[in-house]
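Geometric and topological summary
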Amino acid sequence: MTTPLVEMDGDEMTRILWKMIKGELILPFVDLKTEYYDLGLPHRDDTGDQVTIDAANATRKHGVAVKCATITPNAQRMGEYHLHKMWKSPNGTIRSIMDGTVFRAPITIPSIRPVVRNWEQPITIARHAYGDVYKGVEIKVEEPGTAKLVFEGQSGKRQEVEIHSFDGGGVIQGMHNTDKSICSFAHSCFKFAVDTKQDLWFATKDTISKTYDARFREIFEEVYEKDYKETFDKLGIAYFYTLIDDAVARVVRSKGGFIWACKNYDGDVMSDMLSTAFGSLAMMTSVLVSPDGNYEFEAAHGTVTRHYYRYLKGEETSTNPMATIFAWSGALRKRGELDENEALANFGDQLEGACFDTLNEGIATKDLVGLMEGVEVKPVNSADFIAAIRERLEKRLA
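Keep in mind the model is a prediction, meaning the values are calculated, not measured. (Residues numbered from 1 in each chain as written. Predicted model: local features only at pLDDT ≥ 70, side-chain atom pairs only at ≥ 80, totals over all residues. Heavy atoms only, no water.)

A look at the pattern of salt bridges
Scanning all chains against the criterion turns up 36 salt bridges. Here E160 and K148 are joined by a salt bridge, their closest N and O atoms 3.2 Å apart. You can see E160 sitting in strand β8 (residues 158-166) and its partner K148 sitting in strand β7 (residues 145-152), a full 12 residues away along the chain. For E160, a relative accessible area of 39% puts it in the partly exposed group. The class for K148 is partly exposed, based on a relative accessible area of 48%. Each of K148, E152, R158 and E160 takes part in a single network of salt bridges with overlapping partners. (Salt bridge = Lys/Arg side-chain N within 4 Å of Asp/Glu carboxyl O. Helix = DSSP H or I, 4+ residues; strand = E, 2+ residues; numbered from the N terminus. Buried < 20%, exposed > 50% of the residue type's maximum accessible area, 1.4 Å probe, protein only.)

What to know about the packing of aromatic side chains
Enumeration over the complete set of coordinates arrives at 23 aromatic pairs. Judged by centre distance (6.3 Å) and plane angle (25°), the ring pair of F220 and Y239 falls under stacked. Of the two residues, F220 sits in helix α7 (residues 212-235) while Y239 sits in strand β11 (residues 239-243), which places them 19 residues apart along the sequence. Judged by relative accessible area, Y239 falls into the buried class, the value being 12%. Taking 6.5 Å as the distance between ring centres and 15° as the angle between the ring planes, the aromatic pair formed by Y308 and Y311 counts as stacked. Here the residue Y308 and the residue Y311 both occupy positions in helix α10 (residues 305-312), the gap between them amounting to 3 residues, near one helical turn. Judged by relative accessible area, Y311 falls into the partly exposed class, the value being 38%. What links up through ring pairs into an aromatic cluster is the set F185, F190, F202, F220, Y224, Y228, F232, Y239 and Y241. Geometry around F216 places K263 over its ring, the cationic atom sitting 5.6 Å from the centre. The lysine or arginine in question, K334, covers the ring of Y295, its NZ or CZ lying 4.4 Å from the ring centre. (Phe/Tyr/Trp six-rings, centres within 6.5 Å; stacked < 30°, edge-to-face > 60°. Lys NZ or Arg CZ within 6 Å of the ring centre and 35° of its normal.)

Here's the deal with the packing of helix α1 (residues 12-26) against helix α14 (residues 382-397)
At a minimum axis separation of 10 Å, α1 and α14 run at an interaxial angle of 25°. In this view, α1 runs roughly parallel relative to α14, as classed from their interaxial angle. Where α1 crosses over α14, the handedness of that crossing is right-handed. For the pair α1 and α14, the contacting residues are L17, M20, I21, G23, E24 and L25 in the first and S382, A383, I386, I389, R390 and L393 in the second. (Axes fitted to C-alpha atoms, helices over the stretch in contact; angles between N-to-C directions. Parallel < 35°, antiparallel > 145°, perpendicular 65-115°, else oblique. Left-handed = near helix turned anticlockwise from the far one by under 90°. Contact = heavy atoms within 4.5 Å.)

Below, the structure written as structure tokens:
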């Protein structure tokens, strides 16, 4: 390696797997160079979350990052980790700084058929990575009163609407987005569709959100007509907009093989639905792509808390590391591509190939055992699964 990866360590069981994957599948084969940031919750708290901001800016500098799953704290975590503050989602912070789009696609193998039997090809979720509830501000109301939404422009123009007149307690949430970020999201989605030669679907709820969601629809239409319609027509691919509820019905009835673009929260929920329907939450790739060509690869799932508590008791776990391995393979391959380092890019391919070799032989973690068909399944723990991948990786590299 010549240019380092930005390495963002994480929390709980995925932090344990992170160390195992590096030790068994990366360091024995790659002269690994990383700029390391500890995004584990205790260190984020110690630094006032500055470490997350530093990691995002380092990604903008070096171009490629690989990230472990991290905790977004709630009230329970505040007490458990003795936090100074209920910190925002580190993924949300990173996405805001990079202003990118998250592309998530299932990792598919022949022995695991989707729950939706008519799905013949993977479906890729394109998730807007800025704003909405992830940058929302909230107020808890404890007495009667009036809530208003106010905008004061630099020109002195003032806009004001009443949100609600409260008779008692309640809650208020304010959220926003920007034309610039929505436009970047649209370009990223259309470019990805052109690169992969897939249809692009976009869905919001503009029948209800007649200004907020409608602005997304308007910008997508403008960008498509101005910059991409001619290319789409030449490639024989299509773009269309539909309501989010209609999109869900269409997706379930489809054969797959397209990109489904969603707003931030919709993409968060629907990517989990798709990954589970295709097999497992641990079988989905996730990459954040910024408009200026920077990449952050991560696992699409959480920190596997339940397994971590078992691990702390000394119990054996069979946690699926596939998504985290594919975060590493994707980052190493992209680093190789950008640096014109063919050997490094090839290693990323071979690492993924070794994972498929292992699964296709029926060696799998327990979450996949009940899903696999047509092979003799051999359930193993996490360490043995990674060891089996290493054995097949060594054969491939030899």
